[in-house]
Amino acid sequence: MKLGRLNHIGVATPSIEASIAHYRDVMGATKIHTPFDLEEQGVKVCFVDTPGADGSMNGTQIELIEPLGENSTLAGFLAKNPLGGQHHVCFEVPDIEDARAEFEALGKRILGPTRIGAHGTPIFFVHPKDMQGMLTEIMETPKDDGHWSN
């Protein structure tokens with residue numbers, strides 16, 4: 001297993017609209033995508049682009065995530081962290097099935113089945129207790145530039 005590109009940092013929020021205002025007004029974000037519902041995962045998602053090393057807007061994205069309801073898995077996180085906060089980190093891999101098999105061979109606990117994530121590519125999550133306390137999303141590298149666009 002080789003460490004892939006850090007695609008995004010997931011930030012749980014009780015209000016995507018308030019978080020958009022924060023990233024725009026306080027952090028100076030200039031490229032904020034339109035929020036959308038990812039109903040199969042019970043969340044609303046909005047990506048915020050950050051600058052890359054070359055000055056283009058292809059740096060690591062911030063993924064704002066808000067629960068769609070009380071039954072969302074994110075609702076428990078926000079109950080413990082009412083202001084929100086860092087929820088997960090997401091690394092890219094060239095082949096999701098190979099990566100899953102490697103993590104399983106290492107005895108890492110995979111949370112649920114491989115599914116399609118917010119970027120439209122296959123993903124899975126690895127239990128934080130097996131990843132030095134961080135919920136870690138593993139995502140197959142998108143065929144385009146790896147960012148959500150709309």
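Let me begin by describing the structure that accompanies this report. (Residues numbered from 1 in each chain as written. Predicted model: local features only at pLDDT ≥ 70, side-chain atom pairs only at ≥ 80, totals over all residues. Heavy atoms only, no water.)

1. Observations concerning the overall build of the protein chain
Looking only at helices and strands, one finds three helices and eight strands in the protein chain. Reading the protein chain from its N end, one meets helices and strands in the order β-α-β-β-β-α-β-α-β-β-β. Whereas a compact globule of 150 residues would reach a radius of gyration of roughly 15 Å, the protein chain reaches 15 Å, a difference of no more than 12%. Reported as C-alpha extents along the three principal axes, the dimensions of the protein chain are approximately 45 × 40 × 25 Å. Burial status across the protein chain gives 44% buried among its 150 residues. If you take every contact in the protein chain between residues at least 6 apart in sequence, the share linking residues at least 24 apart comes to 56%. Roughly 8100 Å² of accessible area belongs to the protein chain as shown, and the carbon and sulfur atoms make up 55% of that amount. On the protein chain, the mean spot of the 12 positive side-chain charges and the mean spot of the 21 negative ones are 6 Å from each other. (Helix = DSSP H or I, 4+ residues; strand = E, 2+ residues; numbered from the N terminus. Rg over C-alpha atoms; globule rule 2.2 N^0.38 Å. Buried < 20%, exposed > 50% of the residue type's maximum accessible area, 1.4 Å probe, protein only. Contact = heavy atoms within 4.5 Å. Areas by Shrake-Rupley, 256 points an atom, 1.4 Å probe, with all protein chains shown as cover. Lys, Arg positive; Asp, Glu negative; His and termini not counted. Charge placed at Lys NZ, Arg CZ, Asp CG, Glu CD.)

2. Focus on the nonpolar core
Ranked by size, the top nonpolar core spans ten residues in total: A12, F36, L38, V43, V45, F47, I65, L74, L78 and A118. Among the elements of the structure, β2 (36-38), β3 (43-48) and α2 (73-80) are those that each provide at least two residues to this core. The greatest single-element share of this core, amounting to three residues, is contributed by β3. Not counting chain neighbours up to four residues away, the residues in contact with A12 comprise I65, L74, F77, L78, G84, G85 and H87. (Core = buried A, V, L, I, M, F, W, Y, C linked by side-chain atoms within 4.5 Å.)

3. Quick word on the pairing of β3
Taken across its six residues, β3 has five buried, putting it largely inside the fold. One ladder, built from three bridges, connects β2 with β3; its direction is antiparallel. Looking across to β3, one finds that L38 is bridged to V43. Linkage of β2 to β3, two consecutive antiparallel strands, is achieved through a turn of four residues, within which G42 is found at a positive phi near 70°. Across six bridges, β3 lies against strand β4 (residues 61-67) in antiparallel orientation. Residue pairing in the sheet places V45 in a bridge with I65 of β4. (Pairing = 2+ DSSP bridges.)

4. Observations concerning helix α1 (residues 16-25)
Listed in full, the buried residues belonging to α1 are I16, S19, I20 and Y23. The buried residues of α1 occupy one face: seen down the axis, they fall within an arc of 105°. Opposite the buried face of α1, by more than 90 degrees, sit the exposed residues E17 and D25. Those residues of α1 that are buried lie in contact with β1 (6-12), β3 and β4. (Arc of directions from axis to C-beta.)

5. A closer look at the pattern of salt bridges
One pass over the structure, following the stated rule, counts four salt bridges. In this structure, the salt-bridge partner of E92 is R5, at a minimum N-O distance of 2.6 Å. Here E92, found in strand β5 (residues 85-93), pairs with R5, found in the segment before β1; they are 87 residues apart in sequence, far enough to count as distant. Taking the relative accessible area as the measure of exposure, E92 reaches 6% and is therefore buried. Between D130 and R109 there is a salt bridge, with the nearest N and O atoms lying 2.9 Å from each other. Of this pair, D130 sits in the loop between β7 (122-126) and β8 (136-140) while R109 sits in the loop between α3 (96-105) and β6 (110-116), placing them 21 residues apart in sequence. What makes D130 buried here is its relative accessible area of 16%. The class for R109 is partly exposed, based on a relative accessible area of 40%. (Salt bridge = Lys/Arg side-chain N within 4 Å of Asp/Glu carboxyl O.)

The quantities given are spatial measurements derived from coordinates; they are silent on function.
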